[in-house]
Structures are given as structure tokens and as C-alpha cells.
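Each chain, written out:
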Amino acid sequence: MRTVTILLGLLAGLFVASPAYALDLEFKDCSQSDQAEIETAVKWLKANVGKIDQKMGKNDLMDWPGSSRKNWLEKLDKKLKFVCKNAKNKCQRVSKSNTVLYGQVVPVFKQKTIQLCTNHFSQGQADYVSTIAHEVGHLVRLNAHRTNCKKACEKPRFSQSVGLAAEYAYKGGHYSASDCKKHCK
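So, a few notes on the structure that sits alongside this text. Keep in mind that what you see is a predicted model, and the values were worked out from it rather than measured.

Let's talk about the overall build of the protein
Consideration 1: When helices and strands are tallied, the protein shows 9 helices and 4 strands.
Consideration 2: In the protein, the succession of helices and strands from N to C terminus is α-β-α-α-α-β-α-β-β-α-α-α-α.
Consideration 3: For the protein, the proportion of its 185 residues judged to be buried stands at 39%.
Consideration 4: When contacts within the protein are restricted to residue pairs at least 6 apart in sequence, those whose partners lie at least 24 apart make up 69%.
Consideration 5: As displayed, the protein has an accessible area near 10800 Å², and 53% of this comes from carbon and sulfur atoms.

Considering empty space enclosed by the protein
Consideration 1: In total, this model carries 1 cavity of 30 Å³ or more according to the counting rule given.
Consideration 2: Estimated volume of the largest cavity: approximately 30 Å³.
Consideration 3: Looking at the largest cavity, the residues that line it are K55, K58, N59, L61, H174 and Y175.
Consideration 4: The residue makeup of the lining of the largest cavity, split by class, is 2 nonpolar, 2 polar and 2 charged.

What to know about the sheet that holds strand β2 (residues 80–84)
Consideration 1: Strand order in the open sheet formed by 4 strands is β1-β2-β4-β3, with mixed pairing between adjacent strands. Edge positions in the sheet fall to β1 (25–28) and β3 (103–104), since each of these pairs with one other strand and no more.
Consideration 2: Strand direction decides the pairing type here: β3 and strand β4 (residues 113–116), joined by 2 bridges, are antiparallel. Among the inter-strand pairings, G103 is bridged to a residue of β4, identified as L116.
Consideration 3: Along the sheet face, helix α6 (residues 125–140) touches β2, β3 and β4 and points at about 140° away from the line of β4.

A look at the pairing of β2
Consideration 1: The buried fraction of β2 amounts to 4 of the 5 residues, a majority that puts the element mostly inside the structure.
Consideration 2: Note: β1 against β2, 4 bridges, orientation parallel. Across the sheet, the residue bridging to K28 is V83, located in β2.
Consideration 3: Across 4 bridges, the pairing between β2 and β4 is parallel. In the sheet register, V83 faces β4, and the bridge partner there is Q115.

Overview of the nonpolar core
When a protein is soluble and globular, its nonpolar side chains tend to lie buried together.
Consideration 1: Core analysis: the largest hydrophobic core is formed by 38 residues, its most contacted members being I38, L45, I52, W72 and F82.
Consideration 2: Elements represented by at least two residues in this core include exactly α2 (32–47), α3 (49–55), α4 (68–77), β2, β4, α6, α8 (158–171) and α9 (177–181).
Consideration 3: Beyond its immediate stretch of four places on either side in the chain, F82 contacts L25, E26, F27, K28, C30, I38, V42, I114, L116 and I132.

What about the packing of α4 against α6?
Consideration 1: α6 packs onto α4 with a crossing angle of 110° between their chain directions and a minimal axis gap of 9 Å. With respect to their mutual orientation, α4 and α6 come out roughly perpendicular. In this structure, the crossing between α4 and α6 has a hand that is right-handed. Residues S68, N71, W72, K75 and L76 of α4 lie in contact with α6, whose contacting residues are A133, V136, G137, L139 and V140.
Consideration 2: For the contact of α4 with α6, the residue count by class is 6 nonpolar, 3 polar and 1 charged.

Observations concerning the packing of aromatic side chains
Consideration 1: For the structure on display, the rule yields 7 aromatic pairs.
Consideration 2: Judged by centre distance (5.5 Å) and plane angle (55°), the rings of W64 and W72 are tilted.
Consideration 3: In this structure W64 comes out as buried when scored by relative accessible area, which is 13%.
Consideration 4: Since its relative accessible area comes to 0%, W72 is described here as buried.
Consideration 5: Note on Y168 and Y175: the rings are 6.1 Å apart at their centroids and 75° apart in plane angle, and the pair reads as edge-to-face.
Consideration 6: The exposure class of Y175 is buried, given its relative accessible area of 6%.
Consideration 7: Chaining the aromatic ring pairs together yields one cluster made of W64, W72 and F158.
Consideration 8: Here the guanidinium or amino end of K171 rests over the ring plane of Y168, the centre of that ring lying 5.3 Å away.

Conventions and cut-offs
Residues numbered from 1 in each chain as written. Predicted model: local features only at pLDDT ≥ 70, side-chain atom pairs only at ≥ 80, totals over all residues. Heavy atoms only, no water. Helix = DSSP H or I, 4+ residues; strand = E, 2+ residues; numbered from the N terminus. Buried < 20%, exposed > 50% of the residue type's maximum accessible area, 1.4 Å probe, protein only. Contact = heavy atoms within 4.5 Å. Areas by Shrake-Rupley, 256 points an atom, 1.4 Å probe, with all protein chains shown as cover. 1 Å grid on protein atoms, 1.4 Å probe; cavity = no way out; pocket = protein on both sides within 12 Å on 5 of 7 lines; lining within 4 Å. Points joined across faces, edges and corners; volume = space filled by probe spheres on them. Nonpolar A, V, L, I, M, F, W, Y, C, P; charged D, E, K, R; others polar. Pairing = 2+ DSSP bridges. Axes fitted to C-alpha atoms, helices over the stretch in contact; angles between N-to-C directions. Core = buried A, V, L, I, M, F, W, Y, C linked by side-chain atoms within 4.5 Å. Parallel < 35°, antiparallel > 145°, perpendicular 65-115°, else oblique. Left-handed = near helix turned anticlockwise from the far one by under 90°. Phe/Tyr/Trp six-rings, centres within 6.5 Å; stacked < 30°, edge-to-face > 60°. Lys NZ or Arg CZ within 6 Å of the ring centre and 35° of its normal.

Take a look at the structure:
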């Protein structure tokens, strides 16, 4: 009986001290509300990677290439710095194709910094989840966005795929290239 009690105590300690939900986040120029939303999104991503796995490689989304899944999870476990750039020019601008910037990373120089334009987030937590997943994807795997809208919908690259997989895992439902193409000009 004593052995079982000790073993159960050790197992309970493992679950309590599990690093799976531990966060090491730093914020710059982010409101308290944005900080709380970012923290909630990172926790959701870490706790729901299985749901994201179910979306990756399906409905035209790219699957996890190579060791990118492992590297993506490791990046979420490391220190991440979030910089909210809402007042900066790049977050105020609307492109010629009527798109706005949600987030940005410079992976070669800033291996842990994610810049966010939360002033464009209209879907609440879903925007935080998908944008953070997408930007961590850029930190893990260098890939540029496709410039052709229809091609981006039909064959999204890794960072876009992981962002969309996270978004649809969070909201429920499935990604559809044909629905995506309706927004192309």
C-alpha cells in the first residue's frame, strides 16, 4: 500500500509540474487585455496540438514536414516575446489587395519575437490562436507567403497551413480552398 501511495504521489507531482502548460512569455507595448488573450492562445495551442494534427495535411493544407511539428512545439515551450505594434504604421496600413497585417516575425534575427497587429483582430481568440500558430510556424520553418491569392488558398505553405489548421481546430469546421478563393481579387 505504501508503494502505491508513493507512486501515486510521484505521478501527481509529474502532472502538477508538467512543463506542457508552463509559459515563458514577455510582452512589449501590449495592453493587459492583449497579454491575457496571448497567454490564453498559447496555452490553447500547447494543450490542443492533437486537434491541430487532425487538420494538418487535410483539405489542401500542408502536413507537418520533417521535424517541424516537434520544432513548433519546442518553440512554444521556449521564451517568446510578443510586441504589439498597433500604433505603428505597418499595423495601420491596408494593402492594394485590401489585406491587413496580423503579425510578423523576422526569424533569422529575432528567433523568439512575434510582432502582432491586434487592432485587426475581429474574431477574438480565434485570431490570436491562428496568428500565433502562423508566426511560430515562420520561426520554425523559413517560408515566404505565396503572392498569388488563389495559389495561396489551393496550396498554402507551412506557416499558413499551421495557422489555418489551428484556426479551424479552435473554431471547429474544416478549411476550404474554394471558400478562401472567394476573398481573392
